[in-house]
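Notes for the structure review
One-letter residues, chain by chain:
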Amino acid sequence: MKIFMDTANVDEIKEFADQGIVYGVTTNPSLVARSGRTQADVIPEICRLVPGPVSAEVISQDCEGMVREARELVKIAANVVVKIPCITEGLKAIKILSAEGIRTNCTLIFSLAQAMLAARAGATYVSPFIGRLDDIGEDGCKLVEDMVKVFRTYNLPTQIIAASIRSRAHVDRVMLAGADIATIPTKVLKELVHHELTDKGLAKFMEDYQNSLQK
Ligand code: E4P
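Residues numbered from 1 in each chain as written. Predicted model: local features only at pLDDT ≥ 70, side-chain atom pairs only at ≥ 80, totals over all residues. Heavy atoms only, no water.

Attention shifts here to the sheet that holds strand 3 (residues 54-57). With respect to topology, eight strands assemble into a closed barrel ordered 1-2-3-4-5-6-7-8, the strand pairing being parallel. On average, each strand axis in the sheet is inclined to that of its neighbour by 30 degrees, with strand direction left out of account. Relative to strand 8 (residues 181-184), strand 7 (residues 159-162) runs parallel, the two sharing two bridges. If you follow A162 over to strand 8, its bridge partner there is A182. Packed onto the sheet, helix 5 (residues 88-99) meets strand 4 (80-85) and strand 5 (104-109) and runs at close to 150 degrees relative to strand 4. (Pairing = 2+ DSSP bridges. Helix = DSSP H or I, 4+ residues; strand = E, 2+ residues; numbered from the N terminus. Axes fitted to C-alpha atoms, helices over the stretch in contact; angles between N-to-C directions. Contact = heavy atoms within 4.5 Å.)

A few words now on the environment of G131. For G131, the position within the fold is in helix 7 (residues 130-135). Linking G131 and S167, residues 36 residues apart in sequence, is a C-alpha distance of 8.9 Å. Setting aside residues no more than four positions away along its own chain, G131 makes contact with A163, S164, R166 and H170.

Time to look at the packing of aromatic side chains. In the structure shown here, the tally under the stated rule is two aromatic pairs. Taken together, a centroid distance of 6.4 Å and an interplanar angle of 35 degrees make the contact between F4 and Y23 tilted. Note that F4 is positioned in strand 1 (residues 2-6) and Y23 in the loop between helix 1 (10-17) and strand 2 (24-26), a separation of 19 residues in sequence. F4 gets classed as buried once you look at its relative accessible area, which sits at 1%. When its relative accessible area of 35% is taken as the criterion, Y23 is described as partly exposed. Taking the centre distance of 5.7 Å and the plane angle of 65 degrees together, the rings of F110 and F129 count as edge-to-face. Pair noted here: F110 is in the loop between strand 5 and helix 6 (112-121) and F129 is in the loop between strand 6 (125-128) and helix 7, with a separation of 19 residues, a long-range link. Its end group placed over the ring of Y23, K2 keeps NZ or CZ at 5.2 Å from the ring centre. (Phe/Tyr/Trp six-rings, centres within 6.5 Å; stacked < 30°, edge-to-face > 60°. Buried < 20%, exposed > 50% of the residue type's maximum accessible area, 1.4 Å probe, protein only. Lys NZ or Arg CZ within 6 Å of the ring centre and 35° of its normal.)

In the Ramachandran plot, L108 falls in the positive-phi region, its phi being about 60 degrees despite a non-glycine side chain. Within the secondary structure, L108 is located in strand 5. Residue class for L108 comes out partly exposed when judged on its relative accessible area of 30%. Although it is not a glycine, N155 adopts a positive phi angle of roughly 55 degrees. The exposed category is assigned to N155, whose relative accessible area is 68%.

Taken as a whole, this structure holds 13 salt bridges when the rule is applied. The shortest N-O distance in the salt bridge between E45 and R37 comes to 2.6 Å. As a salt-bridge pair, D208 and K204 come within 2.9 Å of each other at their nearest N and O atoms. A residue pair is termed a helical-turn pair when its members lie 3 or 4 positions apart in one helix, as D208 and K204 do in helix 11 (residues 196-213) at four residues. D208 sits in the partly exposed class, given a relative accessible area of 36%. Residue classification places K204 among the partly exposed residues on the basis of a relative accessible area of 43%. (Salt bridge = Lys/Arg side-chain N within 4 Å of Asp/Glu carboxyl O.)

All quantities given are derived from atomic positions and should not be read as evidence of function.
Following this line, the structure appears as structure tokens:
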């Protein structure tokens, strides 16, 4: 499973890019707004920080507008992927863009049926939002498990980006499910490296090492 960061904060991306663990980035209008910058300003910078795909979302809600925006967005850098919402107009736009060789990430996916439609329209990636499904009492990770099964059954090339991740347990479950990618917010990514027994074990090794010097 590849690891993407779910943020538009350049400083946060730099920190993790240095560790070599982050392959790509996903953004959305809310994350860009939170960064205090504009999409036009922040996306080129992010594209230089990571080797893999960087999702930038369209604002238009009609097919023509989405396609127009997408064609502009991909001029920014070779690794831009255009994020398109899973609505009727979005599927039409995905079909056109896919025929032009423009990579898309169909976002705001909350059901297996939506995932299948996006894949059939030609989406390169689909993003099921697991945390938001948990918020309404459903099991978001189960959707990812089902999607992996269905995409394998029908041999669909579309890759699954597990999105709206809120915890280490989410990361573990989507990894076990076989998600191609998990896009992880900075706070959760920071937590992943830590384990209480690692800290304890390291402290003991250091203590024993120091003691051995005194013998
Ligand atoms: C995915 O691409 C979205 O940017 C993101 O995962 C949404 O997460 P949220 O539900 O925490 O806003």
